[in-house]
Amino acid sequence: MTYVVVENCIKCKYTDCVEVCPVDCFYEGENTLVINPDECIDCGVCEPECPAEAILPDTEDGIEEWLEINQKFSEVWPNITSKKEPMEGADEQNGKAGKKADLSEKPGAGD
């Protein structure tokens, strides 16, 4: 099992999760985060830290697409290990449906 970042992180990008990760397996895109499933040790400490509830175990139904997205972008985006301010308008974006179309493939700044 591993944990993955799912759709609700898009356009929110709260980073509370990255500070608690003991293996630094989060990677930053322009408008979302991802977890490298090969680096994740399945400890689960990140899941309750996410204000957007956008981190789920890969055992959830229908998670396969997000597992692939996390794998793909964690290989090309920069690592992030420190908490940053969420994106402008994150609270308004939290919980909105259909954000996958807004997923940017551009990398974030990382640490």
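The rules we used
- Residues numbered from 1 in each chain as written.
- Predicted model: local features only at pLDDT ≥ 70, side-chain atom pairs only at ≥ 80, totals over all residues.
- Heavy atoms only, no water.
- Helix = DSSP H or I, 4+ residues; strand = E, 2+ residues; numbered from the N terminus.
- Buried < 20%, exposed > 50% of the residue type's maximum accessible area, 1.4 Å probe, protein only.
- Contact = heavy atoms within 4.5 Å.
- Areas by Shrake-Rupley, 256 points an atom, 1.4 Å probe, with all protein chains shown as cover.
- Disulfide = S-S within 2.5 Å.
- Core = buried A, V, L, I, M, F, W, Y, C linked by side-chain atoms within 4.5 Å.
- Phe/Tyr/Trp six-rings, centres within 6.5 Å; stacked < 30°, edge-to-face > 60°.
- Arc of directions from axis to C-beta.
- Polar contact = N/O pair within 3.5 Å; in protein donor to acceptor, adjacent residues only side chain to side chain.

1. Section: the overall build of the protein
A count of helical and extended segments in the protein gives three helices and four strands. Starting at the N terminus and ending at the C terminus, the protein contains elements arranged as β-α-β-β-β-α-α. In terms of its C-alpha atoms, the protein occupies a principal-axis envelope of roughly 30 × 30 × 25 Å. When burial is assessed residue by residue, the protein has 45% of its 111 residues classed as buried. Pairs at least 24 apart in sequence give 78% of the contacts found in the protein among residues at least 6 apart. Of the roughly 5,700 Å² of accessible surface on the protein, 45% is carried by carbon and sulfur atoms.

2. Digging into the state of the cysteines
Under the criterion given, the structure shown has zero disulfides. Free cysteine Cys25: the closest other cysteine sulfur is in Cys21, separated by 3.6 Å. The thiol of Cys46 is not disulfide-bonded; the next cysteine sulfur, from Cys40, is found 6.2 Å away. Note on Cys46: relative accessible area 7%, which makes it buried.

3. Brief notes about the nonpolar core
Judged by nonpolar contacts, the single largest core of 31 residues is most densely connected at Cys17, Phe26, Leu33, Ile35, Cys46 and Ile55. Going through the elements one at a time, strand S1 (3-5), helix H1 (16-20), strand S2 (26-28), strand S3 (33-35) and helix H2 (64-74) are the ones with two or more residues in this core. Here Ile35 is in contact with Tyr3, Val4, Val5, Cys25, Phe26, Cys40, Cys46, Ile55, Asn70, Gln71 and Ser74, once residues within four sequence places are set aside.

4. Focus: the packing of aromatic side chains
Under the counting rule described, the total for this entry stands at one aromatic pair. Pairing Phe73 with Trp77 gives two aromatic rings, centres 4.5 Å apart and planes at 20 degrees, and the pair type is stacked. Trp77 matches Phe73 in its accessibility class, with the two residues each being buried.

5. Notes on H2
Residues of H2 that are buried include every one of Trp66, Ile69, Asn70, Phe73 and Ser74, and no others. Down the axis, H2 shows its buried residues gathered within 115 degrees of arc, on one side only. H2 presents Glu64 and Glu68 as exposed residues on the side facing more than 90 degrees away from its buried surface. Contacts made by the buried residues of H2 are with S1, S2 and S3.

6. Some thoughts on the side chain of Thr15
When you line up the elements, Thr15 lands in the loop between S1 and H1. In this structure the side chain of Thr15 is engaged in a polar contact, spanning 2.6 Å, whose partner is the backbone nitrogen of Lys84. The residues touching Thr15, leaving out its near neighbours within four places in the chain, are Leu33, Ile80, Ser82, Lys83 and Lys84.

Take it as geometry only, folks, not as evidence of what the structure does.
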